[in-house]
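Residues per chain, in single letters:
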Amino acid sequence: MAEEAKAKGNAAFSTGDYTAAVKHFTNAIALSPTNHVLYSNRSAAHASLHNYADALQDAKKTVELKPDWSKGYSRLGAAHLGLHQIQDAISAYKKGLEIDPNNEGLKSGLADAQAAASRSRAAPPPSPFGDAFSGPEMWAKLTADPSTRMYLQQPDFVKMMQEIQKTPNNLNLYLKDQRVMQALGVLLNVKFREPNAGDDMEIPEGTSTPQPPAPERKEEKKVEEEKVVEPEPMEVTEEKEAKERKAQAVKEKELGNAAYKKKEFEKAIEHYTKAMELDDEDISYLTNRAAVYLEMGKNAKCIKDCDKAVERGRELRSDFKMVARALTRKGTALAKMARCSKDYERAIETFQKALTEHRNPDTLKKLNDAEKAKKDLEQQEYFDPKLAEEEREKGNEYFKQQKYPEAVKHYTESLRRNPKDPKAYSNRAACYTKLGALPEGLKDAEKCIELDPTFSKGYTRKGAVQFFMKEYDKALETYQEGLKHDPHNQDLLDGVRRYLCSSRFVYI
């Protein structure tokens, strides 16, 4: 019963109905209060509703019940992060990584927490010069003013101004350079006195009259003349070059897309790689290359590119849809690599993380497919008719002793080992009837008949449940349907007789 409530909770979570998911997981916990997975799932549902305090309580309970389970620490870290308890979140993720060093969910969570910690640090003090050095306006002013225009032809000056533009607070490191002082005056609309304009300076008594300057050599004069020549205004090319690189990167991407459509995968990879080299601020080049690797069956390379795309996307604050696409492709690769039910856990976790970034129908379908595949494999791995028979016999012994809850437990284990056994369903239906759990008993009896329509016990169980539910006409129909398969079955005949007795007033 707890598994059924858990399954309903998972289904509600997958469709985004987190309130219903919390309700179902709570019901499951009431039936199985020591199941750490249930607390973990409810913690995720609370977090999706931004109820981080409740999510934290469930995460702590998860870790308490299963301290060696890495996912518990993932839930703990997410809850702390939601409450802005950043250092606690970092500690939780690190603890989880000590248990499972290769867990991508924990790595990603730790990266998010550390990024939040960096953002929370105090911002640097504002520049006392305001926005004088910001943007292309600085270069336009220096180009327009004749006194600074010539400096833009000098690489060392351009480099100094770029450094100042990048870190204005370091201006004092360059003030000894007269060109920087001149540029500062132009940018702030302030006139600084030139160093040689000193005709009004006092000359102390006894100071000899200055000697006339020595004649200049021709070579020095030529250099001086060259300095005086005003060059043509210089266009700042850095931004232009960046735009050209981005445009070229887009062209490489388009060539890659065309090659991909033609299934020329090696060419596509070559073009996407060139695009990445030209522009590392667009993660679509990485996700596209990952798609090619996925198509080629090179799943490990696909996963590696997706991890890079997610990491880079978070650094650049890229669109959530792009990050979700990378995570979805990673999940698809992980699902393709799965060889047992446990392998699907990473794929499922990755798909869930993609859905938290952006809810996409394709990702949701992939998640549902992965969960179904995991469940099917679990059943295959757990299937063992011999052990199922042993569990059913244990259930029979407890039934004879009227220990019906214990009998239900063994019949349930028998069905996990062999879900196609109609006898186990029939026996568990009898237990549920004894316990007064009539809806559960009816469901098991119907499943028994579905698996083997000729098994008379199934009709006996179903009719008995319907009779106790006072659905007498339905009970009669069930007994009659069973007698079609086994006309002389005494239990079915007794059921019909019981119906007639209960309805004797009709025959007065």
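In this numbering scheme, every chain counts its residues from 1 along its sequence in written order. Local features in this predicted model are restricted to residues of pLDDT 70 or higher, and side-chain atom pairs are both shown and tallied only at a pLDDT of 80 or more, whereas totals for entire chains, interfaces and linings draw on every residue. Here the side-chain values reflect all heavy atoms present in the structure, with hydrogen atoms and water set aside.

*Asks:* Go over the overall build of the chain, please, and point to the residues and values.
*Replies:* Secondary structure elements are defined from DSSP: runs of H or I of at least 4 residues count as helices, runs of E of at least 2 residues count as strands, and each element is numbered from the N terminus. Helix and strand counts for the chain come out as 26 helices and zero strands. Relative to its 508 residues, the chain shows a buried fraction of 40%. For the chain, restricting intrachain contacts to residue pairs at least 6 apart in sequence, the fraction spanning at least 24 positions comes to 52%. Only the protein chains shown count as covering a residue, and every accessible area follows the Shrake-Rupley method with a 1.4 Å probe. Total accessible area computed for the chain in this model is approximately 30900 Å², and 52% of it derives from carbon and sulfur atoms. Burial classes follow relative accessibility: with a 1.4 Å probe on protein chains only, a residue under 20% of its type's maximum area counts as buried, one over 50% as exposed, and anything between as partly exposed. In what follows, residue pairs with any heavy atoms lying within 4.5 Å of each other are defined as contacts.

*Asks:* Before we move on, can you summarise the packing of aromatic side chains with the specific residues and values?
*Replies:* Stacked, edge-to-face and tilted labels apply to pairs of Phe, Tyr and Trp rings (six-membered ring for Trp) whose centres lie within 6.5 Å, assigned for plane angles under 30 degrees, over 60, and everything in between, in that order. Counted according to the given criterion, the structure contains five aromatic pairs. Between F13 and Y18 the ring centres are 5.2 Å apart and the planes differ by 65°, which places this aromatic pair in the edge-to-face class. Considered together, F13 and Y18 belong to a single accessibility category, that of buried residues. The interplanar angle of 55° and the centroid separation of 5.3 Å between the aromatic rings of Y151 and F157 together place this pair among those described as tilted.

*Asks:* Quick rundown of the pattern of salt bridges? Include the residues and the values.
*Replies:* Every case where a carboxyl oxygen of Asp or Glu lies within 4 Å of a side-chain nitrogen of Lys or Arg is listed as a salt bridge. Scanning all chains against the criterion turns up 36 salt bridges. Among the salt bridges present, the one from K8 reaches E4, with a minimum N-O distance of 3.9 Å. Of this pair, K8 and E4 both sit in helix α1 (residues 2–14), four residues apart, which is roughly one turn of the helix. The partner of R289 in a salt bridge is D305, and the shortest N-O contact between them spans 2.7 Å. Here R289 is found in helix α15 (residues 284–296), whereas its partner D305 is found in helix α16 (residues 299–316), with 16 residues between them in sequence. Judged by its relative accessible area of 2%, D305 is buried. A network of salt bridges, in which partner residues are shared, links E104, K107, D307 and K330.

*Asks:* Residues and numbers for unusual backbone geometry, please.
*Replies:* The backbone phi angle of H84 is positive, close to 65°, even though this residue is not glycine. Positionally, H84 belongs in the loop between α5 (70–82) and α6 (86–99). Exposure remark for H84: the relative accessible area of 67% places this residue in the exposed category. The residue K263 is not glycine, and still its phi comes out positive at about 65°. With respect to the element layout, K263 can be found in the loop between α13 (238–261) and α14 (265–278).

*Asks:* Give a description of α5 that names residues and reports values.
*Replies:* Expected span of a helix: the number of residues minus one, times 1.5 Å. Helix length check: α5 (13 residues) gives 19 Å between terminal C-alpha atoms against 18 Å at 1.5 Å per residue, within 8%. Of the positions making up α5, those classed as buried are S70, G72, Y73, S74, R75, L76, G77, A79, H80 and G82. Two residues or fewer past α5, H84 is found with a positive phi of approximately 65°.

*Asks:* How would you summarise helix α25 (residues 472–485) if you had to cite specific residues and measurements?
*Replies:* For α25, which comprises 14 residues, the first-to-last C-alpha distance of 21 Å matches the rise-based estimate of 20 Å (1.5 Å per residue) to within 8%. Taken together, the buried positions of α25 are A475, L476, T478, Y479, G482 and L483. Summarising the axial view, the buried residues of α25 lie within an arc of 160°, below the 170-degree limit, and thus occupy one face. Among the exposed residues of α25, those oriented more than 90 degrees off its buried face are D473, E477 and K484. Residues of α25 that are buried sit in contact with α24 (456–468) and α26 (490–502). Arc, as used here, means the arc of the directions from the helix axis to the C-beta atoms.

*Asks:* Describe the packing of helix α18 (residues 344–357) against helix α19 (residues 361–382), and please don't skip the residues or the numbers.
*Replies:* Look at α18 against α19: their axes get within 9 Å of each other, and the N-to-C directions meet at 160°. As far as their axial angle goes, α19 and α18 are roughly antiparallel. Regarding α18 and α19, the two cross each other, and that crossing is left-handed. In contact with Y344, E345, I348, F351, Q352, A354 and L355 of α18, α19 contributes T363, L364, K366, L367, A370, E371, A373, K374 and L377. Residues were grouped as follows: Ala, Val, Leu, Ile, Met, Phe, Trp, Tyr, Cys and Pro as nonpolar; Asp, Glu, Lys and Arg as charged; and all remaining residues, including Gly, as polar. A class-by-class count of the residues in the contact of α18 with α19 yields 10 nonpolar, two polar and four charged. Orientation is described by axes fitted as lines to C-alpha atoms, over the contacting stretch for helices, and by angles from 0 to 180 degrees between their N-to-C directions. By the definition adopted for this analysis, an angle is roughly parallel if under 35 degrees, roughly antiparallel if over 145, roughly perpendicular if from 65 to 115, and oblique otherwise. When the near helix sits turned anticlockwise from the far one by under a right angle, the crossing is termed left-handed; a clockwise turn instead gives a right-handed crossing.

*Asks:* Describe in detail the UniProt feature "repeat: TPR" (unreviewed entry) in the chain, supporting the description with residues and values.
*Replies:* Taking the UniProt record as the reference, the feature "repeat: TPR" (unreviewed entry) is found at residues 2–35, 70–103, 249–282, 388–421, 422–455 and 456–489. Regarding residues 2–35, the helix share stands at 79% and the strand share at 0%, and the terminal C-alpha atoms are separated by 9 Å. UniProt positions are given in the numbering used here, feature names are shortened, and annotations may be inferred rather than shown by experiment.

*Asks:* Run through a positive patch on the surface, naming residues and quoting values.
*Replies:* Here a patch means residues that are over 30% exposed by relative accessible area and free of salt bridges, tied together within 9 Å if like-charged and within 5 Å if nonpolar (Val, Leu, Ile, Met, Phe, Trp, Tyr). When charges are tallied, Lys and Arg are placed among the positive residues and Asp and Glu among the negative ones, while His and the ends of the chain are skipped. Each charge is placed at NZ for Lys, CZ for Arg, CG for Asp and CD for Glu. Where like charges cluster on the molecular surface, the positive patch consists of K298, K301, K304 and K308. Owing to a relative accessible area of 38%, K308 belongs among the partly exposed residues under this scheme.

*Asks:* Provide a residue-level description of the side chain of N489, including the pertinent values.
*Replies:* Residue placement: N489 occurs in the loop between α25 and α26. In terms of polar contacts, N489 uses its side chain to reach the backbone amide nitrogen of L492, at 3.0 Å. If sequence neighbours within four positions are ignored, N489 has contacts with S456, T460 and L483. Whenever a nitrogen or oxygen atom comes within 3.5 Å of another N or O atom, the pair is scored as a polar contact, on the condition that within protein one atom can donate a hydrogen and the other can accept it, and that pairs from neighbouring residues in sequence are kept only if both atoms are in side chains.

*Asks:* Describe the packing of α24 against α26, with residues and values.
*Replies:* Two elements in contact, α24 and α26, have axes separated by 9 Å at closest approach and are oriented at 20°. Judged on the interaxial angle alone, α26 and α24 are roughly parallel. Note that α24 runs across α26; the crossing there is left-handed. Where α24 approaches α26, its residues S456, K457, Y459, T460 and F467 are matched on the opposing element by D491, L492, R498, Y499 and S502. By residue class, the composition of the contact of α24 with α26 is four nonpolar, three polar and three charged.

*Asks:* Describe the nonpolar core, listing the residues and the values that go with them.
*Replies:* Counting 24 residues, the largest nonpolar core has V292, C302, Y344 and L367 as its most contacted members. Looking at this core, the elements with two or more residues in it are α14, α15, α16, α17 (320–337), α18 and α19. Top element by residues in this core is α18. It accounts for five residues. Those residues in contact with L367, other than ones at most four positions away along the chain, are S14, I348, F351, Q352 and L355. As used here, the term nonpolar core means buried Ala, Val, Leu, Ile, Met, Phe, Trp, Tyr and Cys residues forming a set that is joined through side-chain atoms within 4.5 Å.

*Asks:* Which residues make up the confidence of the model for the chain, and what are the values?
*Replies:* What pLDDT reports is the predictor's confidence in each residue, on a scale of 0 through 100. Of all residues in the chain, 86% attain a pLDDT of 70 or more, and the chain-wide mean is 84. Highest mean pLDDT in the chain belongs to helix α23 (residues 438–451) (96); lowest belongs to helix α12 (residues 218–228) (41). Counting interchain partners and residues more than four positions distant, the pLDDT-below-50 stretch residues 194–236 has 17 contacts. Considering only residues more than four positions removed or in separate chains, one finds that residues 504–508, a stretch of pLDDT under 50, has one contact.

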